[in-house]
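Chain residues, written in single-letter form:
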Amino acid sequence: MEQTKNRVALEKKKANDEKRKFENHHKFIMGGAVHKYFKGCFSFEESEINEILEVHFKTAEVKKNISDIRRRAGGQVVSSPVESEVKSNEPETIESH
C-alpha cells in the first residue's frame, strides 16, 4: 500500500514538473513576443504594461485578428488558461475512452 502511494506521489510530481516546464516555456515565449513588438516595454511597470495590453486587446481590429487566427487554426488554439498543478491530496480520476 505504501509503495503504491509513493508511486502515485512520484507520478503526480512528474506530471507537475512536466506541466510547470510547459508553462515556463509558454511564459518565456509570451514575454519574448511582447519584447519583440514592444521594444520600450522595459521602461514601464508591470501594471502599465498590463493596462496597455488590456486596452489594445479590446480594439475591434485585434479581436478580428484573434478570431481569424482561431478560425485558421481550426479550433486548435488553446484559449483557456493552463490548469493549476495536481495536488497530492486530490483524489485520482480515471478517464475511460
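Quick notes on the rules
- Residues numbered from 1 in each chain as written.
- Predicted model: local features only at pLDDT ≥ 70, side-chain atom pairs only at ≥ 80, totals over all residues.
- Heavy atoms only, no water.
- Helix = DSSP H or I, 4+ residues; strand = E, 2+ residues; numbered from the N terminus.
- Buried < 20%, exposed > 50% of the residue type's maximum accessible area, 1.4 Å probe, protein only.
- Areas by Shrake-Rupley, 256 points an atom, 1.4 Å probe, with all protein chains shown as cover.
- pLDDT = per-residue confidence, 0-100.
- Contact = heavy atoms within 4.5 Å.
- Salt bridge = Lys/Arg side-chain N within 4 Å of Asp/Glu carboxyl O.

(A) Structural detail: the overall build of the protein chain. Counting secondary structure elements, the protein chain contains three helices and zero strands. What you see in the protein chain, going N to C, is helices and strands ordered as α-α-α. Looking at the protein chain as a whole, 8% of its 97 residues are labelled buried. In the structure as shown, the protein chain presents an accessible area of about 9,100 Å², 57% of it carried by carbon and sulfur atoms.

(B) Broad picture of the confidence of the model for the protein chain. Averaged over all residues, the pLDDT of the protein chain equals 82, while 77% of them reach at least 70. Ignoring residues within four places in sequence, the model shows residues 82-97, a span with pLDDT below 50, making 16 contacts including any to other chains.

(C) A look at the pattern of salt bridges. Tallying each qualifying case throughout the model produces seven salt bridges. The partner of Lys64 in a salt bridge is Asp68, and the shortest N-O contact between them spans 2.9 Å. One end of the pair is Lys64 and the other is Asp68, both in helix α3 (residues 60-73) and four residues apart, which spans about a single turn. For Arg71, the salt bridge identified is with Asp68, shortest N-O distance 2.4 Å.

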